[in-house]
Amino acid sequence: MAEKTEPFVSDGKLKRKSGSSLDETIESCIGEFGWAQFLQAIFVSLAWFFDAQQTFISVFTDAQSSWHCISCSNSSSFIDNNFCTLPKGTWAWDLPVQISVVSEWSLQCGGSIVAGLPTSSFFMGCLTGGFLLSTLADSSLGRKNSLILSCLLMSITGAITAFSTNIWMYSFLRFLSGFGRATIGTCALVLSTELVGQRWRGQVGVIGFLCFTTGFLSLPTLAYINRGSSWRILYLWTCLPTILYSFLVHFIVSESPRWLYIKGNKQGFVQTLKSIAPPATRSSLTLSFFGSFMELENQEVLNNNNTIDLYSAIKMLVERNWSFRRLMTVMFVGFGIGMTYYGMPLGVGSLNINLYLSITVNALSELPSSILILLCIGKLSRKGSLLGFAMVSGIFSIGCVIIEGGKFKGLQIGIELISYFSACTTFSILLIYTLELFPTCVRNSAVAMVRQAMVLGGAFSPMLIAVGRNNKWFSFGVFGLSIATCGCFVVFLPETNGTTLSDTMDEEENNDITFVC
């Protein structure tokens, strides 16, 4: 391993000490964290805001509205809130029918499969898009262009969704929107953290989580303002700004210098460093500054660029035993976390609480989670914190089933919020943990695969929520058992807190051997 060195300035010019690694060389050029890096990280992280809106928009657009009885002869159906047994014309919706796809297309009695189809289609689109698009950020397109492509696909198909004429067209467009959305969070997280030094990558990653929380929190506000209007307006309000954002990313954001280096793009590598470096060091950043470093430091990866294909990153991950074990383990942990994280906001309406209030409170519970990560990520043990919060989330999710509503409704809400807060925390820690477990050449693909495992868990959630309306063991009970069980597998992973990011598979493998020895 290369010896650790500190950058130094001589005669007003930046000098690079021999034996420095890529991590140290980049930090010597741009510093650990400057204003240019800070602004770029914030702008890249804004993609999470729009991602959250499309992820949870169905909570409002696909909601079953409240109703009232006009002339109900079957009083038991009215008491049980089951209007499907009442004759047509004896009941009516409290609000206009166009506020939800359920009321507009009369889907209220179509069964759990129809009720959960659009949301499940969205998550299945995320899965498909993740497997087909995830490696583009590591291979041909890079982090920046992949982010732009994903945002455009998600927002354009989301805007077209507003013109759906039936549930089948609507579900198909939700699938396409999920397909485009699949790699937004991954690209934004990897790009923002690769623009800063080792000390700040955890904190910068949390900026994205805060943006996701803000986007989630914006939905009940938009939905409440739009409560008397068509659900179609909500799609347009959330998708049109995303299209504008996609074009701004092209002009404002720099590509990851780490990715440019790995791809052998020397000129782009140097130009990117100059664009975000402090003014005092920009003039020193030329190809000659790096000397033989560009030629020799990562020659094996550079030589393989001529044969790299779309799925070479996935191949690199599975052909080595250590990386395959890590990937399978974090994906299994992610599956359990994703089922709970995505499922709870979708199912909170079944707790008989005001929909706008319950979603707002759940979204607000993500804020203290993000703040906790922001303040403590540098000190938190990845393995210990993941295991602890997964256990807490699982126990309290099961508590939502054991403690029924009625006079204990306030306690039930509090328990649900603790469970969701813990699920949010495990979600954030796992993504940062995955960043540290894999080297630059496959990092985006590894994070994408873990996110796909989370989405796969989320894809089961709508059906579980629909089935669990009468028996919450099938929803909140399953959520609790899944996150607690899957979280236990984190004990098989190495601790990464305070470690240096590796850039090649060989470097990470050598670090792993050194750690074990």
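As a reminder, the structure under discussion sits directly above these lines.
Every chain is numbered on its own, with residues counted from 1 as its sequence reads. For this predicted model, a pLDDT threshold of at least 70 governs which residues receive local features, and a threshold of 80 or more governs which side-chain atom pairs are given and counted, while totals over whole chains, interfaces and linings are taken from all residues. Hydrogens and water are ignored here; the side-chain numbers use all heavy atoms of the structure.

Novice: Kindly report on the overall build of the protein, identifying the contributing residues and their values.
Specialist: Broken down by element type, the protein carries 25 helices and 4 strands. Taken over 517 residues, the protein has a buried fraction of 56%. Contacts spanning at least 24 positions in sequence make up 81% of the contacts within the protein whose residues lie at least 6 apart. Only the protein chains shown count as cover for residues, with accessible areas throughout obtained via the Shrake-Rupley method and a probe of 1.4 Å. Split by element, the accessible area of the protein, about 20500 Å² in all, is 65% carbon and sulfur. Secondary structure elements follow DSSP: runs of H or I no shorter than four residues count as helices, runs of E no shorter than two count as strands, and numbering proceeds from the N terminus. Only protein chains enter the accessibility calculation, which uses a 1.4 Å probe; a residue whose area is less than 20% of its type maximum is buried, one above 50% is exposed, and one in between is partly exposed. Residue contacts are defined here by distance: any two heavy atoms, one from each residue, within 4.5 Å place the two residues in contact.

Novice: Describe the packing of helix H7 (residues 142-161) against helix H11 (residues 231-252), naming the residues involved and giving the relevant values.
Specialist: Where H7 contacts H11, the axes come no closer than 8 Å and their chain directions differ by 155°. Taken together, the axis directions place H7 and H11 in an arrangement best described as roughly antiparallel. In this structure, H7 meets H11 at a crossing whose hand is left-handed. Where H7 approaches H11, its residues Lys144, Leu147, Ile148, Cys151, Leu152, Met154, Ser155, Ile156, Gly158, Ala159 and Thr161 are matched on the opposing element by Trp231, Tyr235, Leu236, Cys239, Thr242, Ile243, Tyr245, Ser246, Phe247, Val249 and His250. Ten residue types, Ala, Val, Leu, Ile, Met, Phe, Trp, Tyr, Cys and Pro, are classed as nonpolar, four, Asp, Glu, Lys and Arg, as charged, and the remainder, Gly among them, as polar. Across the contact of H7 with H11, the residue classes tally to 15 nonpolar, 6 polar and 1 charged. Interaxial angle, 0 to 180 degrees, is taken between N-to-C directions of lines fitted to C-alpha atoms, where a helix line uses only the stretch in contact. Under this scheme an angle from 65 to 115 degrees is roughly perpendicular, one under 35 degrees roughly parallel, and one over 145 degrees roughly antiparallel; angles in between are oblique. Whether a crossing is left-handed or right-handed is set by the direction in which the near helix is turned from the far one by less than a right angle, anticlockwise for left-handed and clockwise for right-handed.

Novice: Any details on the packing of helix H2 (residues 35-56) against helix H9 (residues 184-194)? Residues and values, ideally.
Specialist: Two numbers describe how H2 lies on H9: the axes approach to 9 Å, and their chain directions differ by 165°. By the angle between their axes, H2 is roughly antiparallel relative to H9. You can see that H2 and H9 cross each other, and the crossing is left-handed. Taking contact as the criterion, the partners of Ala41, Val44, Ser45, Ala47, Trp48 and Asp51 in H2 are, on H9, Ile184, Gly185, Ala188, Leu189, Leu191 and Ser192. For the contact of H2 with H9, the class distribution of residues is 8 nonpolar, 3 polar and 1 charged.

Novice: Can you tell me about the packing of aromatic side chains, naming the residues and giving the values?
Specialist: Each Phe, Tyr or Trp ring, with Trp reduced to its six-membered ring, pairs with another whose centre is within 6.5 Å; inter-plane angles below 30 degrees give stacked pairs, above 60 give edge-to-face pairs, and intermediate values give tilted ones. Here the structure, examined in full by the defined rule, presents 26 aromatic pairs. Centre to centre, the rings of Tyr341 and Tyr420 are 5.8 Å apart; their planes meet at 15°, and the pair counts as stacked. Highlighted residues: Tyr341 in helix H19 (residues 321-347) and Tyr420 in helix H22 (residues 409-437), separated in sequence by 79 residues. Since its relative accessible area comes to 0%, Tyr420 is described here as buried. Feature note: the residues Trp48, Phe56, Phe122, Phe123, Phe209, Phe212, Phe216, Tyr341, Tyr342, Tyr420 and Phe427 constitute an aromatic cluster, connected by ring pairs. Each ring is checked for a lysine NZ or an arginine CZ that lies within 6 Å of its centre and within 35 degrees of its normal; such an atom marks a charge sitting over the ring. In this arrangement the basic side chain of Arg227 is found over the ring face of Tyr224, its NZ or CZ atom lying 4.0 Å from the centre.

Novice: With reference to specific residues and values, describe the nonpolar core.
Specialist: Generally speaking, soluble globular proteins have nonpolar side chains that are buried together. What is meant by a nonpolar core is a set of buried Ala, Val, Leu, Ile, Met, Phe, Trp, Tyr and Cys residues, joined one to another through side-chain atoms within 4.5 Å. One finds Phe56 and Leu147 to be the most contacted residues of the largest nonpolar core, which totals 109 residues. Once you skip the residues sitting within four places of it in the chain, Phe56 turns out to touch Phe212, Phe216, Leu219, Tyr341, Tyr342, Pro345 and Tyr420.

Novice: Break down the environment of Tyr235 for me, with residues and values.
Specialist: Summarising the element assignment, Tyr235 is placed in helix H11. With 72 residues separating them in the primary sequence, Tyr235 and Phe163 have C-alpha atoms 9.7 Å apart. Any pair of nitrogen or oxygen atoms within 3.5 Å is treated as a polar contact; in protein, a donor-acceptor pairing is required on top of that, and neighbouring residues in sequence qualify only through side-chain atoms on both sides. For Tyr235, the side chain forms a polar contact with the side chain of Tyr170, separated by 2.8 Å.

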